[in-house]
Amino acid sequence: MHRSGLHLILAAMLLLGASVLAAPNDEQSRKAVADAEAAAKSGPADIALAGQAVLHLPAGHQFVPQPQAARLLNAMGNPGQDPRLQGLIFPDGSDGWFMTVRYEASGYVKDDDARDWNADELLKSYREGTDASNDERVKLGVPAIEIIGWAEKPAYDATTHRLVWAMSSRDKDAPANAPQGVNYNTYALGREGYFSLNLVTALADLSQHKGAAHALLEALVYNEGKRYADFDAKTDHVAEYGLAALVVGVAAKKLGLIALALAFFAKFAKVILLGLALVGAGFVKFFGKRKSTARTPATAAASAEPPPQV
(Lines give C-alpha, C1' and ligand atoms only; values in the text may rest on other atoms or scores of the structure.)
Protein backbone atom coordinates (compact mmCIF):
# COMPACT_ATOMS: atom_id res chain seq x y z
CA MET A 1 0.00 0.00 0.00
CA HIS A 2 1.31 3.43 -0.92
CA ARG A 3 2.37 5.36 2.14
CA SER A 4 1.44 9.03 2.27
CA GLY A 5 3.43 12.00 3.49
CA LEU A 6 1.31 11.89 6.65
CA HIS A 7 2.59 8.39 7.43
CA LEU A 8 6.16 9.58 6.99
CA ILE A 9 5.59 12.50 9.34
CA LEU A 10 4.19 10.11 11.93
CA ALA A 11 7.33 7.96 11.69
CA ALA A 12 9.47 11.06 12.13
CA MET A 13 7.48 12.21 15.15
CA LEU A 14 7.86 8.86 16.87
CA LEU A 15 11.58 8.81 16.07
CA LEU A 16 12.34 12.30 17.28
CA GLY A 17 9.69 12.59 20.03
CA ALA A 18 11.57 13.16 23.27
CA SER A 19 14.66 14.77 21.76
CA VAL A 20 13.12 17.35 19.44
CA LEU A 21 9.42 17.63 20.12
CA ALA A 22 7.67 18.42 23.35
CA ALA A 23 7.62 14.74 24.39
CA PRO A 24 4.36 13.91 22.55
CA ASN A 25 2.48 10.81 23.57
CA ASP A 26 2.91 8.18 20.87
CA GLU A 27 -0.72 7.10 21.08
CA GLN A 28 -1.92 10.68 20.79
CA SER A 29 0.41 11.27 17.86
CA ARG A 30 -0.87 8.18 16.10
CA LYS A 31 -4.46 9.26 16.69
CA ALA A 32 -3.75 12.77 15.38
CA VAL A 33 -2.26 11.35 12.19
CA ALA A 34 -5.02 8.75 11.83
CA ASP A 35 -7.68 11.45 12.25
CA ALA A 36 -5.88 13.69 9.77
CA GLU A 37 -5.69 10.90 7.22
CA ALA A 38 -9.37 10.09 7.71
CA ALA A 39 -10.34 13.73 7.17
CA ALA A 40 -7.87 14.41 4.35
CA LYS A 41 -9.25 15.18 0.92
CA SER A 42 -7.26 13.88 -2.02
CA GLY A 43 -6.84 15.84 -5.22
CA PRO A 44 -8.19 16.55 -7.64
CA ALA A 45 -10.75 18.30 -5.45
CA ASP A 46 -12.18 21.76 -4.88
CA ILE A 47 -11.64 22.95 -1.31
CA ALA A 48 -13.77 25.86 -0.06
CA LEU A 49 -11.75 28.21 2.15
CA ALA A 50 -13.17 30.66 4.71
CA GLY A 51 -16.08 31.63 2.48
CA GLN A 52 -13.57 33.57 0.40
CA ALA A 53 -11.98 31.30 -2.16
CA VAL A 54 -11.65 27.83 -3.60
CA LEU A 55 -8.43 25.83 -3.70
CA HIS A 56 -8.37 23.63 -6.81
CA LEU A 57 -6.28 20.94 -5.16
CA PRO A 58 -4.39 19.08 -7.88
CA ALA A 59 -3.90 15.33 -8.09
CA GLY A 60 -1.04 14.00 -6.00
CA HIS A 61 -1.86 16.21 -3.02
CA GLN A 62 -3.86 15.90 0.20
CA PHE A 63 -5.60 18.65 2.15
CA VAL A 64 -6.10 18.21 5.89
CA PRO A 65 -8.85 20.56 7.16
CA GLN A 66 -9.56 21.95 10.59
CA PRO A 67 -9.70 20.85 13.35
CA GLN A 68 -7.57 17.86 12.36
CA ALA A 69 -4.86 20.15 10.95
CA ALA A 70 -4.42 21.92 14.28
CA ARG A 71 -4.32 18.63 16.15
CA LEU A 72 -1.65 17.34 13.81
CA LEU A 73 0.45 20.43 14.44
CA ASN A 74 -0.12 19.97 18.18
CA ALA A 75 1.12 16.39 17.86
CA MET A 76 4.25 17.74 16.23
CA GLY A 77 4.91 19.70 19.42
CA ASN A 78 3.29 23.00 18.51
CA PRO A 79 0.96 24.17 21.31
CA GLY A 80 -2.07 26.38 20.95
CA GLN A 81 -4.50 27.20 18.18
CA ASP A 82 -4.19 29.58 15.25
CA PRO A 83 -7.65 30.83 14.25
CA ARG A 84 -6.29 31.80 10.84
CA LEU A 85 -5.30 28.23 9.99
CA GLN A 86 -7.50 26.71 7.28
CA GLY A 87 -5.59 23.49 6.79
CA LEU A 88 -2.41 21.74 5.70
CA ILE A 89 -1.33 20.48 2.29
CA PHE A 90 0.86 17.40 1.90
CA PRO A 91 2.20 15.83 -1.28
CA ASP A 92 1.61 12.15 -1.86
CA GLY A 93 4.70 10.04 -1.40
CA SER A 94 7.87 11.19 0.31
CA ASP A 95 8.50 14.65 -1.18
CA GLY A 96 10.09 16.75 1.55
CA TRP A 97 7.66 19.58 2.13
CA PHE A 98 4.26 20.59 3.39
CA MET A 99 2.27 23.84 3.36
CA THR A 100 0.13 25.72 5.83
CA VAL A 101 -2.92 27.57 4.53
CA ARG A 102 -4.14 30.56 6.51
CA TYR A 103 -6.60 33.38 5.96
CA GLU A 104 -6.22 36.80 7.56
CA ALA A 105 -9.37 38.97 7.57
CA SER A 106 -7.29 42.14 7.57
CA GLY A 107 -9.37 44.18 5.19
CA TYR A 108 -8.16 45.42 1.82
CA VAL A 109 -4.35 45.67 1.81
CA LYS A 110 -3.12 48.50 -0.39
CA ASP A 111 -0.26 47.45 -2.63
CA ASP A 112 1.10 50.81 -3.78
CA ASP A 113 4.14 50.63 -1.48
CA ALA A 114 5.46 47.68 -3.51
CA ARG A 115 6.70 50.16 -6.10
CA ASP A 116 9.12 51.80 -3.69
CA TRP A 117 10.29 49.16 -1.25
CA ASN A 118 13.96 48.44 -0.76
CA ALA A 119 14.92 44.82 -0.15
CA ASP A 120 17.91 45.77 2.02
CA GLU A 121 15.77 47.98 4.24
CA LEU A 122 13.12 45.26 4.53
CA LEU A 123 15.82 42.77 5.53
CA LYS A 124 17.10 45.13 8.23
CA SER A 125 13.59 45.63 9.60
CA TYR A 126 12.94 41.91 9.52
CA ARG A 127 16.09 41.18 11.50
CA GLU A 128 15.17 43.82 14.07
CA GLY A 129 11.70 42.33 14.38
CA THR A 130 13.19 38.89 14.82
CA ASP A 131 15.47 40.06 17.61
CA ALA A 132 12.51 41.70 19.33
CA SER A 133 10.39 38.56 19.03
CA ASN A 134 13.02 36.18 20.37
CA ASP A 135 11.89 36.84 23.95
CA GLU A 136 8.43 35.63 22.96
CA ARG A 137 9.93 32.58 21.30
CA VAL A 138 11.81 31.67 24.47
CA LYS A 139 8.59 32.00 26.47
CA LEU A 140 6.97 29.59 24.03
CA GLY A 141 9.78 27.14 24.71
CA VAL A 142 11.42 27.33 21.29
CA PRO A 143 14.96 28.49 20.51
CA ALA A 144 15.85 32.04 19.55
CA ILE A 145 16.62 32.38 15.86
CA GLU A 146 18.69 34.62 13.65
CA ILE A 147 17.95 35.65 10.09
CA ILE A 148 20.65 34.74 7.60
CA GLY A 149 19.23 36.60 4.63
CA TRP A 150 16.86 36.41 1.70
CA ALA A 151 16.35 32.98 0.24
CA GLU A 152 14.25 34.86 -2.29
CA LYS A 153 13.71 38.62 -2.32
CA PRO A 154 10.12 39.91 -2.15
CA ALA A 155 8.40 39.94 -5.51
CA TYR A 156 4.88 41.26 -6.07
CA ASP A 157 2.79 40.73 -9.18
CA ALA A 158 0.38 43.67 -9.45
CA THR A 159 -1.66 41.85 -12.09
CA THR A 160 -2.45 38.76 -10.03
CA HIS A 161 -2.04 40.49 -6.63
CA ARG A 162 0.30 37.77 -5.38
CA LEU A 163 3.36 38.23 -3.19
CA VAL A 164 6.24 35.79 -2.75
CA TRP A 165 9.29 35.97 -0.49
CA ALA A 166 11.50 33.71 1.60
CA MET A 167 13.96 34.10 4.47
CA SER A 168 16.54 31.61 5.64
CA SER A 169 17.19 31.23 9.35
CA ARG A 170 18.90 29.07 11.95
CA ASP A 171 19.12 28.82 15.70
CA LYS A 172 20.81 31.82 17.23
CA ASP A 173 24.53 31.29 17.92
CA ALA A 174 24.51 28.05 15.95
CA PRO A 175 27.68 27.14 14.01
CA ALA A 176 28.03 28.69 10.59
CA ASN A 177 27.62 25.28 8.96
CA ALA A 178 24.46 24.44 10.90
CA PRO A 179 21.43 23.49 8.76
CA GLN A 180 19.21 26.40 7.81
CA GLY A 181 15.43 26.36 7.74
CA VAL A 182 13.29 28.30 5.33
CA ASN A 183 9.67 29.28 5.00
CA TYR A 184 8.69 30.06 1.45
CA ASN A 185 5.89 32.58 1.90
CA THR A 186 3.26 33.13 -0.76
CA TYR A 187 0.26 35.46 -0.46
CA ALA A 188 -2.90 36.01 -2.47
CA LEU A 189 -4.61 39.34 -1.78
CA GLY A 190 -8.38 39.66 -1.79
CA ARG A 191 -11.05 42.24 -1.17
CA GLU A 192 -11.43 41.56 2.55
CA GLY A 193 -8.05 40.10 3.48
CA TYR A 194 -5.43 37.70 2.20
CA PHE A 195 -4.45 34.06 2.12
CA SER A 196 -0.96 32.90 2.98
CA LEU A 197 0.29 29.56 1.73
CA ASN A 198 3.64 28.87 3.35
CA LEU A 199 5.92 26.10 2.18
CA VAL A 200 8.05 24.45 4.86
CA THR A 201 11.15 22.63 3.67
CA ALA A 202 14.90 22.51 4.11
CA LEU A 203 16.81 25.39 2.51
CA ALA A 204 18.84 22.96 0.44
CA ASP A 205 15.59 21.63 -1.08
CA LEU A 206 13.89 24.96 -1.73
CA SER A 207 14.71 25.12 -5.44
CA GLN A 208 13.33 21.61 -5.85
CA HIS A 209 10.00 22.28 -4.15
CA LYS A 210 9.14 25.94 -4.66
CA GLY A 211 7.50 25.15 -7.99
CA ALA A 212 4.87 23.26 -6.01
CA ALA A 213 4.27 26.37 -3.90
CA HIS A 214 3.68 28.50 -6.99
CA ALA A 215 1.35 25.91 -8.50
CA LEU A 216 -0.75 25.78 -5.33
CA LEU A 217 -0.83 29.57 -5.06
CA GLU A 218 -2.18 29.74 -8.60
CA ALA A 219 -4.70 27.03 -7.72
CA LEU A 220 -6.30 29.31 -5.12
CA VAL A 221 -9.05 31.35 -6.76
CA TYR A 222 -11.13 33.97 -4.97
CA ASN A 223 -14.92 33.78 -5.21
CA GLU A 224 -16.68 36.33 -7.34
CA GLY A 225 -17.21 39.44 -5.25
CA LYS A 226 -14.24 38.60 -2.98
CA ARG A 227 -11.49 39.36 -5.48
CA TYR A 228 -9.00 42.16 -5.03
CA ALA A 229 -10.50 43.90 -8.06
CA ASP A 230 -13.95 43.86 -6.41
CA PHE A 231 -12.86 46.40 -3.79
CA ASP A 232 -15.32 49.25 -3.20
CA ALA A 233 -13.69 52.27 -1.58
CA LYS A 234 -17.10 53.55 -0.43
CA THR A 235 -18.00 50.53 1.68
CA ASP A 236 -14.99 48.29 2.28
CA HIS A 237 -12.59 48.26 5.21
CA VAL A 238 -8.98 49.12 4.39
CA ALA A 239 -6.24 47.44 6.39
CA GLU A 240 -4.17 49.61 8.70
CA TYR A 241 -0.98 48.55 6.93
CA GLY A 242 0.37 48.07 3.45
CA LEU A 243 2.00 45.28 1.53
CA ALA A 244 5.49 45.71 2.98
CA ALA A 245 4.09 44.90 6.42
CA LEU A 246 3.36 41.38 5.24
CA VAL A 247 7.11 40.98 4.87
CA VAL A 248 8.53 42.75 7.91
CA GLY A 249 5.65 42.13 10.31
CA VAL A 250 5.03 45.76 11.21
CA ALA A 251 1.28 45.19 11.04
CA ALA A 252 1.14 42.44 13.63
CA LYS A 253 3.50 44.31 15.91
CA LYS A 254 1.20 47.32 15.75
CA LEU A 255 -1.77 45.11 16.62
CA GLY A 256 0.06 43.71 19.64
CA LEU A 257 0.65 40.26 18.13
CA ILE A 258 3.81 38.35 17.34
CA ALA A 259 5.04 39.68 13.99
CA LEU A 260 3.10 38.28 11.06
CA ALA A 261 6.29 37.44 9.27
CA LEU A 262 7.45 35.47 12.32
CA ALA A 263 4.15 33.93 13.32
CA PHE A 264 4.90 30.66 11.62
CA PHE A 265 8.32 30.44 13.23
CA ALA A 266 6.95 31.37 16.66
CA LYS A 267 3.99 28.99 16.62
CA PHE A 268 5.34 26.17 14.49
CA ALA A 269 9.11 26.37 14.91
CA LYS A 270 9.41 22.79 16.09
CA VAL A 271 7.99 21.62 12.79
CA ILE A 272 10.95 23.31 11.12
CA LEU A 273 13.31 21.70 13.61
CA LEU A 274 11.66 18.40 12.80
CA GLY A 275 12.39 18.94 9.13
CA LEU A 276 16.01 19.82 9.75
CA ALA A 277 16.50 16.81 11.98
CA LEU A 278 15.19 14.44 9.34
CA VAL A 279 18.17 15.09 7.10
CA GLY A 280 20.56 14.02 9.85
CA ALA A 281 22.03 10.69 10.82
CA GLY A 282 19.27 9.91 13.33
CA PHE A 283 16.71 9.14 10.64
CA VAL A 284 19.17 7.00 8.70
CA LYS A 285 20.08 5.16 11.91
CA PHE A 286 16.41 4.58 12.66
CA PHE A 287 15.74 3.03 9.27
CA GLY A 288 18.99 1.06 9.46
CA LYS A 289 17.79 -0.45 12.74
CA ARG A 290 14.50 -1.39 11.12
CA LYS A 291 16.34 -3.17 8.32
CA SER A 292 18.33 -5.22 10.83
CA THR A 293 15.21 -6.58 12.55
CA ALA A 294 12.92 -9.33 11.34
CA ARG A 295 10.60 -7.74 8.84
CA THR A 296 7.15 -8.53 7.63
CA PRO A 297 6.37 -7.64 3.99
CA ALA A 298 4.75 -4.43 5.24
CA THR A 299 7.77 -3.29 7.23
CA ALA A 300 10.09 -4.25 4.40
CA ALA A 301 8.16 -2.03 2.03
CA ALA A 302 8.15 0.82 4.54
CA SER A 303 11.88 0.69 5.17
CA ALA A 304 12.59 0.69 1.45
CA GLU A 305 11.03 4.09 1.03
CA PRO A 306 13.33 7.12 1.10
CA PRO A 307 13.12 9.28 4.25
CA PRO A 308 11.36 12.65 3.99
CA GLN A 309 13.53 15.73 3.83
CA VAL A 310 11.15 18.42 4.98
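Structure's up top.
If you're wondering where the values come from, they're calculated on a predicted model, not measured in any experiment.

(A) Region of the structure containing the overall build of the protein. Scanning the protein for helices and strands turns up ten helices and eleven strands. Going through the 310 residues of the protein one by one, you find that 52% of them count as buried. A separation of at least 24 residues holds for 63% of the contacts in the protein among residues at least 6 apart in sequence. When the accessible area of the protein is evaluated, it comes to approximately 14100 Å², of which 53% is carbon and sulfur surface.

(B) Up close: the environment of L217. Mapped onto the elements, L217 comes out in helix α5 (residues 206–219). Separated by 29 residues in sequence, L217 and A188 place their C-alpha atoms 7.2 Å apart.

(C) Quick peek at the pattern of salt bridges. A complete count under the given rule lists nine salt bridges for this structure. Close ionic contact of D82 with R102 constitutes a salt bridge, the shortest N to O distance being 3.9 Å. Residue D82 is found in the loop between α3 (68–75) and β5 (85–91), and its partner R102 is found in strand β6 (residues 98–104); the two are separated by 20 residues along the sequence. Measuring nitrogen to oxygen at the nearest pair gives 3.5 Å for the salt bridge that ties E104 to R84. Placement of the pair is E104 in strand β6 and R84 in the loop between α3 and β5, with a sequence separation of 20 residues.

(D) Main features of the pairing of strand β2 (residues 45–49). One ladder, built from five bridges, connects β2 with strand β3 (residues 53–57); its direction is antiparallel. Along β3, the bridge assignment pairs A45 with L57. Hairpin geometry of β2 and β3 is characterised by an intervening segment of three residues between the two adjacent antiparallel strands and by a positive phi of about 55° at A50.

(E) Summary view of the sheet that holds β2. An order of β2-β3-β11 is seen for the three strands of this open sheet, with the pairing classed as antiparallel. The sheet is open, and its two borders are formed by β2 and β11 (220–222), each paired with just one other strand. Ignoring which end each strand starts from, the neighbouring axes of this sheet average 25° apart.

(F) Structural context of the packing of aromatic side chains. A complete count under the given rule lists seven aromatic pairs for this structure. Consider the rings of F90 and F98, whose centres lie 5.6 Å apart with planes at 25°: the pair is stacked. Here the two residues F90 and F98 agree in accessibility, since each one is buried. Counting every residue linked through ring pairs, the aromatic cluster contains Y103, F195 and Y222.

(G) The arrangement of the sheet that holds β5 in detail. Pairing within the open sheet is antiparallel, and its eight strands lie in the order β1-β4-β5-β6-β10-β9-β8-β7. Looking at strand neighbours, the two that pair on one side only are β1 (41–42) and β7 (145–157), the edges of this open sheet. For strand β4 (residues 61–65) and β5, the ladder comprises five bridges, and the chain directions are antiparallel. If you follow Q62 over to β5, its bridge partner there is F90. Contacting β4 and β5, α3 runs over the sheet at an angle of about 70° to β5.

(H) The pairing of strand β9 (residues 181–189), seen in detail. The buried fraction of β9 is high, at nine of nine residues. Of the two faces of β9, the one lined by G181, N183, N185, Y187 and L189 and the one lined by V182, Y184, T186 and A188 are each fully buried. Pairing geometry for β9 and strand β10 (residues 194–202), over nine bridges, is antiparallel. In the sheet register, N183 faces β10, and the bridge partner there is V200. Taking the residues between adjacent antiparallel strands as the criterion, β9 and β10 are bridged by four residues.

(I) Layout of the environment of A59. The topology assignment puts A59 in the loop between β3 and β4. For the pair A59 and P91, spaced 32 residues apart in sequence, the C-alpha to C-alpha distance is 9.2 Å. Apart from the residues within four sequence positions on either side, A59 is in contact with G43 and P44.

(J) Molecular detail of the nonpolar core. Within the largest apolar cluster, 26 residues are counted, with the highest numbers of intra-cluster contacts made by L55, I89, F195 and L220. Residue assignment for this core shows that the elements contributing at least two residues are β2, β3, β6, β8 (162–171), β9, β10, α5 and β11. The element that contributes the greatest number of residues to this core is α5, accounting for five residues. Core analysis: the next-biggest nonpolar cluster, separate from the first, contains 25 residues, I147, Y156, A239 and V248 among them.

Rules behind the numbers
- Starting from 1, residues in each chain are numbered consecutively following that chain's sequence as written.
- For this predicted model, a pLDDT threshold of at least 70 governs which residues receive local features, and a threshold of 80 or more governs which side-chain atom pairs are given and counted, while totals over whole chains, interfaces and linings are taken from all residues.
- The side-chain figures draw on all heavy atoms in the structure; neither hydrogens nor water molecules are used.
- Helix numbering and strand numbering both begin at the N terminus, where a helix is a DSSP run of H or I of at least 4 residues and a strand a DSSP run of E of at least 2.
- Buried residues are those whose accessible area, probed at 1.4 Å on protein chains only, stays under 20% of the maximum for their type, while exposed residues exceed 50% and partly exposed ones sit between those limits.
- By definition, residues are in contact when any of their heavy atoms lie within 4.5 Å.
- Exposure was quantified through the Shrake-Rupley algorithm and a 1.4 Å probe, taking into account, for residues, occlusion by the shown protein chains and nothing else.
- Here a salt bridge means any side-chain nitrogen of Lys or Arg lying within 4 Å of a carboxyl oxygen belonging to Asp or Glu.
- Only strands joined by at least two bridges in the DSSP assignment are considered to pair.
- Each axis is a line fitted through C-alpha atoms, taken for helices only over the stretch in contact, and angles between the N-to-C directions span 0 to 180 degrees.
- Centre distance within 6.5 Å is the pairing criterion for rings of Phe, Tyr and Trp, where only the six-membered ring of Trp is used; planes under 30 degrees apart are then read as stacked, over 60 as edge-to-face, and the remainder as tilted.
- Put simply, a nonpolar core is a bunch of buried Ala, Val, Leu, Ile, Met, Phe, Trp, Tyr and Cys residues held in one set by side-chain atoms that sit within 4.5 Å of each other.

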